[in-house]
Amino acid sequence: MSSSQRVARPLVQTLRQERLLQSTSHFSRSFSRSAARRDEGSTTTTSTPPPTSSTTPKDKLEAASKADEDAKQVEAAKIRMKERLMDRETTTAHWAERKLVRMGTPPIGSRRRRAAIRTSENVPFEQLPYQCFQEARKILQEDRQEKIRALAKEVAKIKRLEETPADQVPGGERKKNLRLASLRKYLEELKILADVNDPVVKRKFEDGLGDMNKPIYRWYAERKWRGYPYRMITQRIQQLNIVPDVLPKFDPVADVQLYFRRIKVTPGAILDSRITEVPPRLRVQVFNPGERLVSVVVMDSDVPNAETDSFDRRCHYLAANVPISPNETSLPLGRVNKETQLAVPWLPAFSQKGAPYHRLSVFVLEQKPGENLDVAKLRELYSARDGFSLKSYRDKFGLTPVGFNIFRTIWDEGTAGVMERAGVPGADIEFKFKRVYSMKGEKKQRGWEAKRQKPKYRGLWKYSKRIRGISHGRR
């Protein structure tokens, strides 16, 4: 330390102490009776004096009635708060969202959107005070009017062509029918183009409020499904070899979602056998108009057969004549009519110990228009469950596969109990893989290694033996 530093050191220490005292005095409080800050004075509470013996019965009655009124007001406030939290359009509470989903009325839109609606002035969407937005809506409205005029022209064309006799049309009846089909297809395209850019229509679809009987909402739903969900289900069909193991050719055209006990199942997921004891619920979304009848088949295509050393198929569920439409999508398999629809009741998914995973496929097959299948005949044919063939069922009754989903099952800790409760034998059977030995003879050593196996090269054995991981020890 230099002489100048030694001289300045006491002065620096004094300045530091003074600065420290100033900073601490800024946060210190004076011991006065008045509050140091305004907010501290507001937080002081005054205690009510205890009731004295001079309190009259009338005062006691008034105090009790006042307490009851306060309690009623608090209870009413709680009810109003709960009603506000259970509103589909404004709730942001997690427990309220889960409860609304269980009630079958899920929240509308995203949580961020609901929070914005709750804190905004609830201005209608089409009246938002943004000049650019309103000018864009005017352009879209003009485009929509053009499409509507084109729609009217096409409708007039179709009407004229329908009234024209076939012998007056060049090409006859065949050409007339082709022309009508082409005009009707273009008419449906114009219906979609008229509303495809409308922000109100898009908002209703994103909020889940769209009417699926209208072509624009079906078009939006199909475009959304053709993205990730369709690619996933087609990937599962290829990965799990559904084609050609179950059907020689198949391409789904309807969205089929699978739910077990309110749990949505990812296609191809391995489920606990105890979850599958209750029949699942399907959500089948079709994208073409009108109501139709479908058959629902759940089959296991990996039933091991020890006698033939192969795999058989088993029917776990079969129902026919089930109506679905674009607006009616829910299909609980446990609530179908047992007399006119149910052919083979639900059998839980199970797998014996040691067997590979079982693929349980869920197929939705569309029936011919206006045709009901004979459920009694289906019971007679498939009540045995074993040896079920989906291809034979499709060809025999003229059905068209439109939707698909799949889940898998393996042996787990609850499988034995599931099989016992379902009355299925074989829980004590365990499959073991048979080891297949090679029929080739033992390979003799060749080359450098074979030449140096003599005792003359004993000193090199520690290098040659290391090649195949054999011990370095000498013989």
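## Quick look at the confidence of the model for the chain
Caution is warranted with low-pLDDT regions, since their predicted coordinates should not be read in detail.
For step 1, the next point in the chain: On average, residues of the chain score 84 in pLDDT, and 85% of them reach the 70 mark or higher.
For step 2, the next point in the chain: Contacts for the low-pLDDT stretch residues 23-47, under 50 throughout, to residues beyond four places or in other chains number 3 contacts.
For step 3, the next point in the chain: Here residues 470-475 is modelled with pLDDT under 50, and outside its nearest four sequence neighbours on either side it reaches 8 contacts, counting other chains as well.

## Some details on the sheet that holds strand β4 (residues 281-285)
As a general point, the strands of a sheet are linked pairwise by backbone hydrogen bonds and lie either parallel or antiparallel.
For step 1, the next point in the chain: Ordered in space as β2-β1-β4-β7, the 4 strands form an open sheet in which the pairing is antiparallel. Single-partner strands in this sheet number two, and they are β2 (263-265) and β7 (330-332). Ignoring which end each strand starts from, the neighbouring axes of this sheet average 30° apart.
For step 2, the next point in the chain: Alignment of strand β1 (residues 255-260) against β2, held across 3 bridges, turns out to be antiparallel. Across the sheet, Y259 pairs through a bridge with K264, a residue of β2.

## Considering a positive patch on the surface
For step 1, the next point in the chain: A cluster of basic side chains, namely K82, R98, K99, R102 and R262, defines a positive patch on the protein surface.
For step 2, the next point in the chain: Examining the composition of the positive patch, we find that 3 residues originate from one element, helix α4 (residues 94-102), more than from any other.
For step 3, the next point in the chain: For K82, the location among the structural elements is in helix α3 (residues 57-85).
For step 4, the next point in the chain: The class for K82 is partly exposed, based on a relative accessible area of 45%.

## Digging into the environment of S295
For step 1, the next point in the chain: Tracing the backbone shows S295 in strand β5 (residues 292-305).
For step 2, the next point in the chain: Along the backbone, S295 and L373 are 78 residues apart, and their C-alpha atoms lie at a distance of 9.1 Å.
For step 3, the next point in the chain: In this view, S295 contacts A319, A320, F363, V364, L365, Q367, L373, Y393 and L399; residues no more than four positions away in its chain are not counted.
For step 4, the next point in the chain: At a separation of 3.0 Å, a polar atom in the side chain of S295 contacts the side chain of Q367.

## Focus on the packing of helix α8 (residues 199-206) against helix α9 (residues 215-225)
For step 1, the next point in the chain: One can describe the packing of α8 onto α9 by two numbers: an axis separation of 11 Å at closest approach and a directional angle of 60°. Compared by their axis directions, α8 and α9 come out oblique. Regarding α8 and α9, the two cross each other, and that crossing is right-handed. Together, V201, K202, K204 and F205 of α8 and I216, Y217, Y220, A221 and K224 of α9 make up the contact between the two elements.
For step 2, the next point in the chain: Per-class residue counts for the contact of α8 with α9 are 6 nonpolar, no polar and 3 charged.

## What to know about the environment of Q352
For step 1, the next point in the chain: Position of Q352 relative to the elements: it lies in the loop between β8 (342-344) and β9 (358-366).
For step 2, the next point in the chain: Its relative accessible area of 13% is what places Q352 among the buried residues.
For step 3, the next point in the chain: For the pair Q352 and A427, spaced 75 residues apart in sequence, the C-alpha to C-alpha distance is 6.4 Å.

## Structural notes on the sheet that holds β9
For step 1, the next point in the chain: Strand order in this open sheet of 6 strands is β3-β10-β9-β5-β6-β8, and the pairing throughout is mixed. Taken across any chain shown, the strands that pair with only one partner, and hence form the sheet edges, are β3 (270-271) and β8.
For step 2, the next point in the chain: Bridge count between β3 and strand β10 (residues 400-409): 2 bridges; the pairing is parallel. If you follow I270 over to β10, its bridge partner there is R408.

Calculation criteria
- Counting starts from 1 at the beginning of each chain's written sequence and moves along it residue by residue.
- Owing to the predicted nature of the model, reporting of local features is limited to residues with pLDDT of at least 70; listing and counting of side-chain atom pairs is limited to 80 or more, with chain, interface and lining totals taken over all residues.
- Side-chain metrics in this entry use all non-hydrogen atoms of the structure; hydrogen atoms and water are not considered.
- Confidence scores labelled pLDDT are given residue by residue by the predictor and lie between 0 and 100.
- Here, two residues are considered to be in contact whenever any of their heavy atoms come within 4.5 Å of each other.
- Strands are labelled as partners when DSSP assigns at least two bridges between them.
- Secondary structure counts use DSSP, requiring at least four H or I residues in a row for a helix and at least two E residues in a row for a strand, with both numbered from the N terminus.
- Lines are fitted to the C-alpha atoms to define the axes, a helix being fitted only along its stretch in contact, and any angle between axes, read from their N-to-C directions, falls within 0 to 180 degrees.
- Exposure above 30% relative accessible area and the absence of a salt bridge qualify a residue for a patch, where like charges join within 9 Å and nonpolar side chains (Val, Leu, Ile, Met, Phe, Trp, Tyr) within 5 Å.
- Computed with a 1.4 Å probe, the accessible areas rest on the Shrake-Rupley method; for each residue, only the protein chains presented here act as cover.
- By definition, a salt bridge exists where a carboxyl oxygen of Asp or Glu is found within 4 Å of a side-chain nitrogen of Lys or Arg.
- As used throughout, the charge tally considers Lys and Arg to be positive and Asp and Glu to be negative, leaving His and the chain termini uncounted.
- Charge positions are represented by NZ for Lys, CZ for Arg, CG for Asp and CD for Glu.
- Partly exposed residues are those whose accessible area sits between 20% and 50% of the maximum for their type, while under 20% is buried and over 50% is exposed, using a 1.4 Å probe and protein chains only.
- Contacts described as polar in this section are N or O atom pairs within 3.5 Å, which, within protein, must combine one atom able to donate a hydrogen with one able to accept it, while residues neighboring in sequence count only if both atoms come from side chains.
- Angle categories are assigned with fixed cut-offs, so that under 35 degrees is roughly parallel, over 145 is roughly antiparallel, 65 to 115 is roughly perpendicular, and the rest are oblique.
- Crossing handedness follows the turn of the near helix against the far one: under a right angle anticlockwise gives a left-handed crossing, and clockwise gives a right-handed one.
- For this classification, Asp, Glu, Lys and Arg are treated as charged, while Ala, Val, Leu, Ile, Met, Phe, Trp, Tyr, Cys and Pro are nonpolar and the rest, including Gly, are polar.

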